[in-house]
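Survey of secondary and tertiary structure
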Amino acid sequence: MSLPACPKCQCEYVYEDQQLLICPECAYEWNPSITNDEDAILVKDANGILLADGDKVTVAKDLKIKGSSQVIKIGTKALVRRVLDKKDHELDCKVDGIGEMMVTAKFVKKA
């Protein structure tokens, strides 16, 4: 199976890492199943892994809920319902034990 060249620098030494293709020369990462990169929303978790709709994530640190005395504890699981193109709170999630809420991607890890 031959892999396509890097769309940024046209390097031919592209390698595969789970669902992503990675260029070793320019460090560009992309998902080959997404055909149009201009329309794609790229949101990364705390470890730099791309997140998509339907991904399962865990909370990477304790998070206070605005307007409430509740706290989302580290390790709490959540399901990403939608990835939105926003400056903050990019993930529309269903958090276990809490319910539906918006979460910032840099505070979660892909499970």
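The residue numbers shown here count from 1 along each chain, following its written sequence. Local features in this predicted model are restricted to residues of pLDDT 70 or higher, and side-chain atom pairs are both shown and tallied only at a pLDDT of 80 or more, whereas totals for entire chains, interfaces and linings draw on every residue. As a rule here, side-chain values cover all heavy atoms of the structure and leave hydrogens and water aside.

1. Topic: the overall build of the protein
Just so we agree on the cut-off: Comment: elements are numbered from the N terminus, with helices defined as DSSP H or I runs of at least four residues and strands as E runs of at least two. Only protein chains enter the accessibility calculation, which uses a 1.4 Å probe. A residue is then buried if its area is under 20% of the maximum for its type, exposed if over 50%, and partly exposed in between. Values of accessible area rely on a 1.4 Å probe in the Shrake-Rupley scheme; residue burial ignores everything except the protein chains shown. By the counting scheme adopted, Arg and Lys are positive, Glu and Asp are negative, and His together with the chain ends is not counted. To locate a charge, take atom NZ for lysine, CZ for arginine, CG for aspartate or CD for glutamate.
For the protein, the count of helices and strands is zero helices and twelve strands. From first element to last, N terminus to C terminus, the protein shows the α and β order β-β-β-β-β-β-β-β-β-β-β-β. Each principal axis of the C-alpha distribution contributes one length, and for the protein these read about 55 × 25 × 20 Å. Expressed as a percentage of its 111 residues, the buried residues of the protein come to 32%. Summing over all exposed atoms, the protein offers an accessible surface of approximately 7,600 Å²; the carbon and sulfur share of this is 48%. Taking the average place of the 16 positive charges on the side chains of the protein and the average place of its 18 negative ones, the gap between the two points comes to 11 Å.

2. Let's talk about the environment of Leu63
Rules: For this analysis, residues touch if any pair of their heavy atoms sits within 4.5 Å.
Within the secondary structure, Leu63 is located in strand β7 (residues 63-64). Given the relative accessible area of 14%, Leu63 is considered buried. Here the alpha-carbon distance between Leu63 and Ile49, two residues 14 residues apart in the chain, equals 20 Å. The residues contacting Leu63, other than those within four sequence positions of it, are Gln70, Val71, Ile72, Val103 and Phe107.

3. Considering the UniProt feature "domain: Protein YjdM N-terminal" (unreviewed entry) in the protein
The cut-off we apply is this: UniProt positions are given in the numbering used here, feature names are shortened, and annotations may be inferred rather than shown by experiment.
The residues that UniProt annotates with the feature "domain: Protein YjdM N-terminal" (unreviewed entry) are residues 2-31. As annotated, residues 2-31 comprises 0% helix and 27% strand, and the C-alpha atoms at either end are separated by 15 Å.

4. A few points about the state of the cysteines
Using the following cut-off: When the sulfur atoms of two cysteines come within 2.5 Å, that pair is taken as a disulfide.
Within the structure shown, the criterion is met by zero disulfides. Its sulfur unpaired, Cys6 is 3.6 Å from the next cysteine sulfur, which belongs to Cys26. We classify Cys6 as buried; its relative accessible area is 0%. With no disulfide partner, Cys9 has as its closest neighbouring cysteine sulfur the one in Cys23, 3.5 Å distant.

5. Points about the pattern of salt bridges
For clarity, the threshold we go by: When a carboxyl oxygen of Asp or Glu lies within 4 Å of a side-chain nitrogen of Lys or Arg, that pair is called a salt bridge.
By the definition in use, this model includes three salt bridges. We note a salt bridge from Lys110 to Asp55, for which the minimum N-O separation is 3.6 Å. Here Asp55 lies in the loop between β5 (50-51) and β6 (56-59) and Lys110 lies in strand β12 (residues 108-110), a separation of 55 residues in the sequence. Owing to a relative accessible area of 27%, Lys110 belongs among the partly exposed residues under this scheme. On the accessibility criterion, Asp55 (13% relative accessible area) is buried. For Asp92, the salt bridge identified is with Arg82, shortest N-O distance 3.0 Å. In this pair, Asp92 sits in strand β10 (residues 91-95) while Arg82 sits in strand β9 (residues 77-83), placing the two residues ten residues apart along the sequence.

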